[in-house]
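# A closer look at the structure
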Amino acid sequence: MPTWGDRLLVAGGAPVTVPRDPARDAARDELLNAEYHKHDPSVLERVMTWLNDHITDALDSISGNGTSGTTGLVLFLIVALLIGAALWWRLGAPRRAARTVLDVYGVEGPRGAGQYRADAERHAAAGHWNEAVRAQMRALVRALEERTLLDVRPGRTADEAATEAGRALPDHAAALAAAARTFDDIAYGERTADQAAYQLLRELDRTMERARPALGGAA
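Read on for an overview of the structure. Values in this document were obtained by computation on a predicted structure and should not be read as measured data.

What counts as what
- Residues numbered from 1 in each chain as written.
- Predicted model: local features only at pLDDT ≥ 70, side-chain atom pairs only at ≥ 80, totals over all residues.
- Heavy atoms only, no water.
- Phe/Tyr/Trp six-rings, centres within 6.5 Å; stacked < 30°, edge-to-face > 60°.
- Helix = DSSP H or I, 4+ residues; strand = E, 2+ residues; numbered from the N terminus.
- Buried < 20%, exposed > 50% of the residue type's maximum accessible area, 1.4 Å probe, protein only.
- Lys NZ or Arg CZ within 6 Å of the ring centre and 35° of its normal.
- Contact = heavy atoms within 4.5 Å.
- Axes fitted to C-alpha atoms, helices over the stretch in contact; angles between N-to-C directions.
- Parallel < 35°, antiparallel > 145°, perpendicular 65-115°, else oblique.
- Left-handed = near helix turned anticlockwise from the far one by under 90°.
- Nonpolar A, V, L, I, M, F, W, Y, C, P; charged D, E, K, R; others polar.
- Salt bridge = Lys/Arg side-chain N within 4 Å of Asp/Glu carboxyl O.

### Describing the packing of aromatic side chains
For the structure on display, the rule yields 2 aromatic pairs. Ring geometry for W129 and Y198: centres 5.9 Å apart, planes at 40 degrees, overall tilted. Highlighted residues: W129 in helix α6 (residues 129-146) and Y198 in helix α9 (residues 195-210), separated in sequence by 69 residues. Residue class for W129 comes out partly exposed when judged on its relative accessible area of 21%. According to the relative accessible area criterion, Y198 is buried, its value standing at 2%. We note R111 situated over the ring of Y116; from NZ or CZ to the ring centre the distance is 5.0 Å.

Below, the structure is given as structure tokens:
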């Protein structure tokens, strides 16, 4: 049985006898053959080409070629926004790097409260307020442990120490929480300490020496 192509040859200029719809379907199926499209650019390549063309047009417009400079600038901003949206959709929202929360005493482990206080005073005398604040907060926490108002527990953070101490000393819970926040901000490099921050921690440490736990507080 002759194919559709054979019938065209046999017609020899005579009117085509194949109906229009089957002929259209046959042509579409033939064009969908993968052999005709194996060298076509990928979707990503087509998108990049489209963006490159628009960026080039926008830059030409800004430089005075084609449309006005204002129009070109608007086009450039639109293209930049499209690129940003594409990157946002592909990579997600930028995320702040998670900081590593360390033991309040750092890698060297706990020492005596008196040693930390001496370190804090030495750093303060030299004007090294970051180091002074860190040492003073460690002195405060270590002194609470030495008084058994806090149990000695490796790996405790400043926030955890302040929360636990606040249960035993509820009248000072807010001040302890604020001190822990100050320590964290300075210890992890998000804030620079000053003399005032050191003095607040020093006064709080002295206050804690005189504080007595509540009757129902945790020891």
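Having put the structure on the table, let's press on.
### Concerning unusual backbone geometry
Phi is positive for T148, close to 65 degrees, though the residue is something other than glycine. You can see T148 is positioned in the loop between α6 and α7 (158-168). When its relative accessible area of 54% is taken as the criterion, T148 is described as exposed.

### Section: the environment of L201
The residue L201 is located in helix α9 in this model. As a C-alpha pair, L201 and V133 span 68 residues in sequence and 7.1 Å in three-dimensional space. Not counting the four nearest positions on each side in its chain, L201 is found in contact with V133, Q136, M137, L140 and A179.

### Remarks on the side chain of D205
If you trace the backbone, D205 turns up in helix α9. Taking relative accessible area as the criterion, D205 reaches 3% and is therefore assigned buried. D205 has contacts with R117, Q136, A139, L140 and A143, leaving out every residue within four places of it along the chain.

### Observations concerning the packing of helix α5 (residues 113-125) against α6
Direction vectors running N to C along α5 and α6 enclose 160 degrees, while the axes themselves pass 8 Å from each other. What the angle tells us is that α5 and α6 run roughly antiparallel. For the element pair α5 and α6, the recorded crossing hand is left-handed. Here A113, Y116, R117, D119, A120, H123 and A124 of α5 lie close against α6, whose contacting residues are W129, E131, A132, A135, Q136, R138, A139, R142, A143 and E146. Looking at the contact of α5 with α6, its residues break down into 9 nonpolar, 2 polar and 6 charged.

### Re the packing of α5 against α9
Two numbers describe how α5 lies on α9: the axes approach to 12 Å, and their chain directions differ by 155 degrees. Judged by the angle between their axes, α5 and α9 are roughly antiparallel. Read as a crossing pair, α5 and α9 show a hand that is left-handed. Across from R117, A120, E121 and A124 in α5, the residues of α9 making contact are Y198, R202, D205 and E209.

### Thoughts on the pattern of salt bridges
Applying the stated criterion across every chain, the model contains 13 salt bridges. As a salt-bridge pair, D119 and R111 come within 2.2 Å of each other at their nearest N and O atoms. E160 is the salt-bridge partner of R153, the closest N and O atoms lying 4.0 Å from each other.

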